[in-house]
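Observations on the model geometry
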Amino acid sequence: TDSERTFIMIKPDGVQRGLIGKVVSRFEERGYKLVAMKTVAPSKDLAEKHYADLKNKPFFPSLVEYMSNGAAPVVVKELSQELIYMSIVSVWEGTDVIRQGRVMLGATSPLDAAPGTIRGQYCVSIGRNAIHGSDSFESAEKEIGMWFSAAGELVSWEPANWKWVMS
Ligand code: DAT
Ligand code: MG
């Protein structure tokens, strides 16, 4: 349905490399609706929780380090000037956005990602693949709940062009 929502995160390498605008543009131009977005510096705990399904993988410690810089175990560290591991978390809405978001990201390993996908255009390393997107309805619900407090942070609104994009 056109109210389907997904969780999209621009990881620290994507932020450092100035890819925020490019990622946001792709979703905006496709016609999807931005319903939440903020900067975060996740704690190690939150990064571990986000990737809990992968906790037995050999790359799990380096994945968590990459996402959180092994930060102190607070929920979301206050942003400060010393911060270098900053991410952008966002929620996008629209028809089939979970599956389409994954297609727009490209394969997990950027070397397998089709040219024209975000990872296929901007990345070469699986450990620096710039972006995360929910892989199912269940993960989208879980991840949105983990990174946002639904009450105030998700906005219900209708873009002026909505009916010309989703029909
Ligand atoms: P995706 O990010 O495409 O959903 P995933 O959920 O399987 O992929 O893994 C989460 C992240 O973990 C992925 O973006 C990069 C890292 N990762 C996955 N497989 C890896 C591997 N074989 N070696 C190193 N990092 C890996
Ligand atoms: Mg995944």
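Residues numbered from 1 in each chain as written. Chains lettered and ligands numbered in written order. Predicted model: local features only at pLDDT ≥ 70, side-chain atom pairs only at ≥ 80, totals over all residues. Heavy atoms only, no water.

Naming follows an unreviewed UniProt entry, where the protein chain appears as Nucleoside diphosphate kinase of Mortierella isabellina. Here is the UniProt Cofactor (unreviewed entry) comment for the protein chain, exactly as written: "Mg(2+)". (UniProt positions renumbered as here; feature names shortened; annotations may be inferred.)

Residue placement: Lys163 occurs in helix H9 (residues 162–165). When the C-alpha atoms of Lys163 and Ala107 are compared, they prove to be 31 Å apart, with 56 residues separating the residues in sequence. (Helix = DSSP H or I, 4+ residues; strand = E, 2+ residues; numbered from the N terminus.)

Under the counting rule described, the total for this entry stands at four aromatic pairs. A ring pair is formed by Phe7 and Phe148, whose centres lie 6.5 Å apart and whose planes are at 70°; its orientation type is edge-to-face. Residue Phe7 is found in strand S1 (residues 5–10), and its partner Phe148 is found in the loop between helix H7 (137–147) and helix H8 (150–153); the two are separated by 141 residues along the sequence. As far as burial versus exposure is concerned, Phe7 and Phe148 are alike and both buried. Site record: aromatic cluster; members linked through ring pairs are Phe7, Trp147 and Phe148. One cation-aromatic arrangement involves Lys33 over Trp162; the distance from NZ or CZ to the ring centre is 4.5 Å. (Phe/Tyr/Trp six-rings, centres within 6.5 Å; stacked < 30°, edge-to-face > 60°. Buried < 20%, exposed > 50% of the residue type's maximum accessible area, 1.4 Å probe, protein only. Lys NZ or Arg CZ within 6 Å of the ring centre and 35° of its normal.)

Ligand 1 sits among Lys11, Tyr51, Leu54, Phe59, Leu63, Arg102, Thr108, Arg119, Ile126 and Asn129. In this structure, Lys11 approaches ligand 1 through a side-chain N or O atom, which is 3.1 Å from an oxygen atom. For ligand 1, an oxygen atom lies 3.0 Å from a polar atom in the side chain of Arg119. In isolation ligand 1 has 510 Å² of accessible area, and contact with the protein removes 73% of it. (Near = heavy atom within 4 Å. Polar contact = N/O pair within 3.5 Å; in protein donor to acceptor, adjacent residues only side chain to side chain. Areas by Shrake-Rupley, 256 points an atom, 1.4 Å probe, with all protein chains shown as cover.)

A separate point is H7. Listing the buried residues of H7 in full gives Ser139, Ala140, Glu143, Ile144, Met146 and Trp147. Along the long axis of H7, the arc covered by the buried residues comes to 160°, so they all point the same way. Opposite the buried face of H7, by more than 90 degrees, sit the exposed residues Glu138 and Gly145. (Arc of directions from axis to C-beta.)

What follows concerns the nonpolar core. In terms of nonpolar packing, the biggest core is built from 22 residues, with Ile8, Val23, Phe27, Tyr32, Trp92, Ile118 and Ile131 touching the most fellow members. At the level of secondary structure, the elements contributing two or more residues to this core comprise S1, helix H2 (20–30), strand S3 (87–93), helix H5 (97–105) and helix H6 (118–122). Per element, the largest residue contribution to this core is four residues, and it comes from H5. Discounting chain neighbours no more than four positions away, the residues touching Phe27 are Ile8, Tyr32, Trp92, Gly101, Met104, Leu105 and Ile118. Judged by nonpolar contacts, the second largest core, of 20 residues, contains Phe7, Leu63, Met146 and Trp147. (Core = buried A, V, L, I, M, F, W, Y, C linked by side-chain atoms within 4.5 Å. Contact = heavy atoms within 4.5 Å.)

As enumerated under the stated definition, the model contains five salt bridges in all. The residue Arg5 makes a salt bridge to Glu93 at a minimum N-O spacing of 2.7 Å. Here Glu93 lies in strand S3 and Arg5 lies in strand S1, a separation of 88 residues in the sequence. Measuring nitrogen to oxygen at the nearest pair gives 3.1 Å for the salt bridge that ties Glu153 to Lys38. In this pair, Glu153 sits in helix H8 while Lys38 sits in strand S2 (residues 33–40), placing the two residues 115 residues apart along the sequence. (Salt bridge = Lys/Arg side-chain N within 4 Å of Asp/Glu carboxyl O.)

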